[in-house]
Amino acid sequence: EDHSWLVVDFYGSIEEYDPPSGIIGAVGGGGETLQRILGNLEKAAVDERIEGVIFKISGSNSAGLAMLDEIRGAARKVRGAGKKVFCWSDDLNRNAYYLACACDSIWLAPPANVQFTGMGAGSMHLKGTLEKLGIKPNMHQIKEYKSAAEMFTRSDMSPEARENEEWLIDEFWSIFVKALSDDRGLTEERIVEIMNLAVMTADEAKDAGLVDGVIYWNDLERALARKEGEELRTVSQPAYAGVKPEKLGLKGKKKIAVVHAHGMIGGRKSTIDPLLGVMIGHESVIADLRAAAKDKDVAAIVFRVDSPGGEGLASDLIGHEVGVVAENKPVVASMVDVAGSGGYYVSYQATKIVADAMTITGSIGSINMKFNMKGFYDKLGLTQDAVTKGPNALFWSDYRDFTPEERARFEQNHWDGFNRWLADVAKRRGMTFEEAQKLAYGRVWSGRQAKANGLIDELGGLDRAIEVAKELAKIPADEKVTIVHYPKKKGLLEILTSDGGGFTAAANYAVYRFVRTDIAETWRRLQGGVWYIMDGEGAR
């Protein structure tokens, strides 16, 4: 209706794009996505029926700093269109506050939890656990900054891992402080002073100048209503997503395709693993890239990557296809929260690379391993025996370590594959091999650092990536284009008649959501509202 307020609820899991959840996604149970948020805010900026936007923010959401940065940019565009963007929160932490600061005003519920602390990064180490279990890793890492390997080989951070975390935290702190200074007029000294409180009541947060008011939701609705006694007209995210962009003039003759790749990289088909979550399969992504490339109306492709990496084979095959497509049609890689290791591998062959200032990228390194499980099997009373013929028959046996000769061959093979990758990165990014080495071996960079080092081309989110795609396709900046997304959503009937009715994917997704969201939320409540998730990718 006219004079409606769009309510965007930031709570729980927020994926970059719809996961391959089969029947769950078709019936609207797939959870919130960054794409739906950005798309709705773009429409709200031009929709005359939308009076303003309310961000209903909870600290219990999974959006990373780069995602939040993109949403901040979308909020600025709504405000630039002359509309108000307000924030109301019942659970505010530092990252949620970073998003809230992009709004015109911030209000808290009277009983709201407020956690405003400094930045920290930690790591989990299983070395002692493996020793107790009798499991011995046979691991090779390339190289000293590839700290993911330290989970199995050390009981603490190496100096290199600590150095990497420190320069990332310094970078994120700098961006965070500038944003709060620009948005709220808070100096670094004042931010540190407030952080000394760590936890606050809503009234204390108001007295500290973090927020503008303390008010219950129903009182906010009453205050924003057009007339006294009239209910505030609101529209939810799912309902507003049904409004077609073309109905609001957001359509052009030419198309820009956005191909999404979010999750761990591995396997052939994109799916959901109950423990690892969304998996990017190389055949699925390659099929989407080829479909977009073959569409004559698609002038350019934005390859949207949100991945911490994964399987080297799948990463190489996807990255190669990006390069093949880019020979005939512009491809702009657009990095989201994380595009590191395999996430960078699939991106660097694009025509141009765009990343948010807070994207975590780089990590050009590699880990290869097997585990010697004999000590563990001994504890269980299990034994193995074997009959072999031909050399190296037990090369990958989990019942023994590599022999010295096997170890040498194992490491040389690993180096050969990695050096091939690094040489190609150097060639495509206009560097010498030695220059690329100084940025590699597992070193992790923010988007801003990556641009300074030449690993990416520009800073920005999806909107900037689309602008760059238009430039490469020689489409005038003021000409409207139609955005099409891949993978395309399947209808309910199509899902029910394929993939076993979609119930396998649905069941896997339900288990994953239960483990990640429901159990974690229960634990947070048991801990009195203080809850940390360390995913090993940057500051929290």
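As shown above, the structure is provided for reference.
Let me sum up the structure you'll find in this document. (Residues numbered from 1 in each chain as written. Predicted model: local features only at pLDDT ≥ 70, side-chain atom pairs only at ≥ 80, totals over all residues. Heavy atoms only, no water.)

## So, the packing of helix H2 (residues 34–46) against helix H3 (residues 65–80)
Relative orientation of the contacting elements H2 and H3 amounts to 10°, with a least axis distance of 9 Å. As summarised for this structure, H2 and H3 are arranged roughly parallel, according to the angle between their axes. Where H2 abuts H3, its residues Leu34, Ile37, Leu38, Leu41 and Ala45 lie against Met67, Glu70, Ile71, Ala74, Ala75, Lys77 and Val78. Class assignment for the residues of the contact of H2 with H3 results in ten nonpolar, no polar and two charged. (Axes fitted to C-alpha atoms, helices over the stretch in contact; angles between N-to-C directions. Helix = DSSP H or I, 4+ residues; strand = E, 2+ residues; numbered from the N terminus. Parallel < 35°, antiparallel > 145°, perpendicular 65-115°, else oblique. Contact = heavy atoms within 4.5 Å. Nonpolar A, V, L, I, M, F, W, Y, C, P; charged D, E, K, R; others polar.)

## Quick word on the nonpolar core
Counting 126 residues, the largest nonpolar core has Leu41, Phe55, Phe116 and Phe303 as its most contacted members. Discounting chain neighbours no more than four positions away, the residues touching phenylalanine 55 are Val8, Phe10, Leu41, Ile71, Ala75, Val85, Phe86, Cys87, Trp88, Leu99 and Cys103. Membership of the second largest hydrophobic core comes to 13 residues, among which are Ala465, Val468, Ala469 and Ile475. (Core = buried A, V, L, I, M, F, W, Y, C linked by side-chain atoms within 4.5 Å. Buried < 20%, exposed > 50% of the residue type's maximum accessible area, 1.4 Å probe, protein only.)

## Considerations on helix H10 (residues 217–224)
Turn by turn, an α-helix covers 3.6 residues, leaving residues three or four places apart pointing in a common direction. Buried residues of H10: Trp217, Leu220 and Leu224, and no others. Seen from one end, H10 has its buried residues packed into an arc of 55°, which puts them on one side. Seen from the buried face of H10, the exposed residues on the opposite side, beyond 90 degrees, are Arg222 and Ala223. (Arc of directions from axis to C-beta.)

## Concerning the environment of alanine 241
In this structure, alanine 241 sits in helix H11 (residues 237–241). By relative accessible area, which is 34% here, alanine 241 ends up partly exposed. The sequence separation of alanine 241 and leucine 41 amounts to 200 residues, and the corresponding C-alpha distance is 10.0 Å. Ignoring anything within four residues of it in the chain, the contact list for alanine 241 reads Arg36, Asn40 and Lys43.

## Side note on the sheet that holds strand E12 (residues 264–265)
Note on sheets: strands pair through backbone hydrogen bonds, and any given pair is parallel or antiparallel. Pairing is mixed across the open sheet formed by three strands, whose spatial order is E12-E14-E13. On the outer flanks of this sheet lie E12 and strand E13 (271–273), each paired with one strand and no other. Inspection of the sheet shows E13 paired to strand E14 (residues 277–280) by three bridges, in the antiparallel sense. Bridge assignment links isoleucine 272 to a residue of E14, and that residue is valine 278. (Pairing = 2+ DSSP bridges.)

## Quick word on empty space enclosed by the protein
All told, the structure shown has one cavity of 30 Å³ or more when counted by the stated rule. Considering only enclosed or pocket space, the largest cavity measures out at about 30 Å³ in volume. Every residue along the wall of the largest cavity is listed here: His3, Trp5, Leu224, Arg226, Glu230, Glu231, Leu232 and Arg233. Among the residues making up the lining of the largest cavity, the classes are represented as three nonpolar, one polar and four charged. (1 Å grid on protein atoms, 1.4 Å probe; cavity = no way out; pocket = protein on both sides within 12 Å on 5 of 7 lines; lining within 4 Å. Points joined across faces, edges and corners; volume = space filled by probe spheres on them.)

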